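Summary of the model geometry
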Amino acid sequence: MLQSSQDYPTKAVRLIEPFGTGGGPDLVSRALAQKLTELWGQPVTVENVPGAGATAGPAQVAKSPADGYTLLVNTSAQAYSAALRKNLPYDPLKDFIPVAPLTSQPYVLVTGKLSGITTVGELVAAAKAKPGLLKFGSTGVGTGSHLGIEKFNLAAGIKAVHVPARPDEAIADTIANTVAGRTDYLLAPIQLAEVDIRAGRLRPLGVSTMERSSLLPEVPTIAEAGVAGFDYRIWYGVWTPGGTPARVVDKLAKDIAGALATPDLGEWLAKHGADPMSMSQPEFARFVLSESESATRIVEAAGIKPQ
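Residues numbered from 1 in each chain as written. Predicted model: local features only at pLDDT ≥ 70, side-chain atom pairs only at ≥ 80, totals over all residues. Heavy atoms only, no water.

**Some thoughts on the overall build of the chain**
The number of helices and strands found in the chain is 10 helices and 10 strands. In terms of C-alpha radius of gyration, the chain reaches 19 Å, essentially the compact-globule figure of 19 Å for 307 residues. Projected onto its principal axes, the C-alpha positions of the chain cover 65 × 40 × 30 Å. Classification of the 307 residues of the chain by burial places 52% in the buried group. For the chain, the accessible area works out to roughly 12800 Å², and carbon and sulfur atoms hold 54% of it. Side-chain charges of the chain comprise 28 positive and 29 negative groups, with the mean position of each set lying 5 Å from the other. (Helix = DSSP H or I, 4+ residues; strand = E, 2+ residues; numbered from the N terminus. Rg over C-alpha atoms; globule rule 2.2 N^0.38 Å. Buried < 20%, exposed > 50% of the residue type's maximum accessible area, 1.4 Å probe, protein only. Areas by Shrake-Rupley, 256 points an atom, 1.4 Å probe, with all protein chains shown as cover. Lys, Arg positive; Asp, Glu negative; His and termini not counted. Charge placed at Lys NZ, Arg CZ, Asp CG, Glu CD.)

So this is what it looks like as C-alpha cells:
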C-alpha cells in the first residue's frame, strides 16, 4: 500500500483529459486516478473535455485555481501546440507547470484497405508519383499524430495534403476516415487502431519507434521498412496551472512517480503497449521545452503555417 503523510490533498482532485472517452489518455488517466485515490484517501476523478481541436480541456485547466486540485493529463500535443496553434486562449508553455511524465508508446503508420498500399515503400513511391495528391489524416493541427506524419513526410522526402480532424471529431473518426478512404494514411495510436488492423480494414505499414511493439510484433519499424533512423513516439504527462505552489507540484510529481512504479499498474500499462516514463519534475520540465523546440524545427522545415 502506498503511503503519504503530507497534508495535500484534503479534498477531491480532478484530472481533465482533452480527447474524450476510450482513448489512450482517458484510459491512462483512469488507471492513474485509481492509484492516486488509494494513496491520498481522497477521490480523484477524470473529466473528459474534448473539443476545439483538443484545446478545450487545457483552456479549462489554465483558468482553474492554481492549487493542485485541477490537473491536466495531455499528450505530447501540449508541447507541440505552441509551435502550431495561434490565437489559443492560453500559452501552452507559460500558463502551465509540467508536473510529471506518465507513459510513452509508439504510433503505427496505417493505410486503408481501399488504398491498395501495403508497404512503406509503396506509400513513398505513390506519394512521389503524385506529389501533393495523397491525403494524410491527423487528430488535429498541432497534435502528436500531425507532427509525427510531418516528420515522416520530411524523412521520406514526400509531400501530401493534411486533412485534420474537425473540432467535433474524435480519434475514432480520424481512423474511420482512413478506413473509408477519405484519407490515404495516418499515424494512429496502436491500441486504438488494433481492432481495425486485426479485422483487415487497416494495413499496418510500420511502427514509429526504433523498437517493434509487443502489441504488433510482426509489424516492422518504419526505420526497418526503409526510412532510416525514423523514431517518433507519443507521450503523456500531467500539468498544473502556472502559479501552483512548489510544495504541491513536488508532492504531485513524487506521488505520480510512485503510482507508476507499482507492479500492477506497470503490468496494466505493458498490456496496453505503454512504457512508464521516469523523470524528476525539473527533468520533465526541460523535456517538455525540448519537445516544443523540436516541434518548432519540424514546423519550419515542413513549411507549416500555424493555424
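Now, onward.
**What about the confidence of the model for the chain?**
Averaged over every residue, the pLDDT of the chain is 93; the share at 70 or more is 98%. Contacts from residues 1–5, a stretch scored under 50 in pLDDT, to residues over four places away or in other chains number 10 contacts. (pLDDT = per-residue confidence, 0-100. Contact = heavy atoms within 4.5 Å.)

**Let's talk about empty space enclosed by the protein**
Here the structure, examined in full by the defined rule, presents 3 cavities of 30 Å³ or more. In this structure, the largest cavity spans a volume of roughly 70 Å³. In terms of lining residues, the largest cavity is bounded by 14 residues, among which G53, A54, T55, A77 and S81 are the most central. Of the residues forming the lining of the largest cavity, the biggest block, 3 residues, is contributed by helix α3 (residues 77–84). Of the residues assigned to the lining of the largest cavity, the class counts are 6 nonpolar, 7 polar and 1 charged. No other element matches helix α1 (residues 24–40), which puts 3 residues into the lining of the second largest cavity. Counted by class, the lining of the second largest cavity contains 5 nonpolar, 4 polar and no charged residues. (1 Å grid on protein atoms, 1.4 Å probe; cavity = no way out; pocket = protein on both sides within 12 Å on 5 of 7 lines; lining within 4 Å. Points joined across faces, edges and corners; volume = space filled by probe spheres on them. Nonpolar A, V, L, I, M, F, W, Y, C, P; charged D, E, K, R; others polar.)

**Description of helix α4 (residues 120–129)**
Taken as a whole, α4 has its buried residues at V120, L123, V124 and A127. The arc enclosing the buried residues of α4, seen along the axis, measures out at 95°, which places them on a common side. For α4, the elements touching its buried residues are β4 (96–112), α5 (144–156), β7 (185–189) and β8 (202–207). (Arc of directions from axis to C-beta.)

**Notes on the packing of helix α6 (residues 171–179) against helix α7 (residues 190–198)**
At their nearest, the axes of α6 and α7 sit 11 Å apart, and the two run at 35° to each other. In terms of crossing hand, the pair formed by α6 and α7 is right-handed. Contacts from I171, I175 and V179 of α6 reach α7 at L192, A193 and D196. Per-class residue counts for the contact of α6 with α7 are 5 nonpolar, no polar and 1 charged. (Axes fitted to C-alpha atoms, helices over the stretch in contact; angles between N-to-C directions. Left-handed = near helix turned anticlockwise from the far one by under 90°.)

**Some thoughts on the nonpolar core**
Of all hydrophobic cores here, the largest spans 73 residues; its most connected members are L102, L109, F152, Y185 and I256. Among the elements that take part in this core, α1 stands out by supplying 7 residues, more than any other. Aside from chain neighbours lying at most four places away, what touches L109 is V120, L123, I149, F152, Y185, L186, L187, R203, P204, L205, G206 and I222. Core analysis: the next-biggest nonpolar cluster, separate from the first, contains 14 residues, V108, I175, L186 and A188 among them. (Core = buried A, V, L, I, M, F, W, Y, C linked by side-chain atoms within 4.5 Å.)

**Observations regarding the layout of surface pockets**
Taken as a whole, the largest pocket encloses approximately 550 Å³ of empty space. As for the largest pocket, its lining consists of 35 residues, of which F19, T139, A170, I171 and A172 are closest to the centre. Tallied by class, the residues present in the lining of the largest pocket amount to 18 nonpolar, 13 polar and 4 charged. Taken together, F136, E150, N153, L154, G157, I158, K159, A160, V161, H162, A302 and I304 make up the lining of the second largest pocket. Going through the elements one at a time, α5 and β6 (161–164) are the ones with two or more residues in the lining of the second largest pocket. A class-by-class count of the residues in the lining of the second largest pocket yields 7 nonpolar, 3 polar and 2 charged.

**Things to note about the pairing of strand β1 (residues 13–17)**
Burial analysis of β1 places 4 of its 5 residues in the buried class, the great majority of the element. Alignment of β1 against strand β2 (residues 44–48), held across 5 bridges, turns out to be parallel. Looking at the pairing, E17 lines up with N48 of β2. Looking at chain direction, β1 and strand β3 (residues 70–75) are connected through 3 bridges and run parallel. In the sheet register, R14 faces β3, and the bridge partner there is T70. (Pairing = 2+ DSSP bridges.)

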